[in-house]
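Descriptive structure summary
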Amino acid sequence: MLEFNARPASVMGPLGPLTIDDLPSSCTTYWVSRRKAEVLAAIDGGLLSLKDACERYRLSAEELATWRRSIERAGIPGLRVTKVQHYRDQLVG
């Protein structure tokens, strides 16, 4: 039997509706918090699979898991690289 996995045309991103064309370029090397949040929203909404995101952006599943933990702990500001140590210290302290 043939399976058909329909992907949504758009999902809710951190700043509003997000389509595949709105996602960061596959050439992205500088990851700001908004772009990280957009990729996570695309995965959560079914716009991209975890595997597709890893291949498209040359990221590991572990890196995406780190982003997910950061956003769950501190929201989008937690995705800022400069804030990672700050939020870790808050959780440990």
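Residues numbered from 1 in each chain as written. Predicted model: local features only at pLDDT ≥ 70, side-chain atom pairs only at ≥ 80, totals over all residues. Heavy atoms only, no water.

Here we look at the side chain of T28
Position of T28 relative to the elements: it lies in the loop between β2 (16–18) and α1 (33–45). Engagement of the side chain of T28 in a polar contact is seen with the backbone oxygen of S25, the distance being 2.7 Å. Among residues more than four places away in sequence, those in contact with T28 are R35 and R58. (Helix = DSSP H or I, 4+ residues; strand = E, 2+ residues; numbered from the N terminus. Polar contact = N/O pair within 3.5 Å; in protein donor to acceptor, adjacent residues only side chain to side chain. Contact = heavy atoms within 4.5 Å.)

Digging into the environment of A65
Inspection of the secondary structure puts A65 in helix α3 (residues 61–74). Accessibility expressed as a relative area gives 29% for A65, which makes it partly exposed. Sequence separation between A65 and L40 is 25 residues; the distance between their C-alpha atoms is 9.5 Å. (Buried < 20%, exposed > 50% of the residue type's maximum accessible area, 1.4 Å probe, protein only.)

Details of the nonpolar core
The biggest cluster of nonpolar side chains holds 19 residues, and the ones touching the most others in it are L23, V39, L48, Y57, L64 and W67. The set of elements that each furnish at least two residues to this core consists of α1, α2 (50–57) and α3. In this view, W67 contacts W31, K36, V39, L40, L59 and L79; residues no more than four positions away in its chain are not counted. (Core = buried A, V, L, I, M, F, W, Y, C linked by side-chain atoms within 4.5 Å.)

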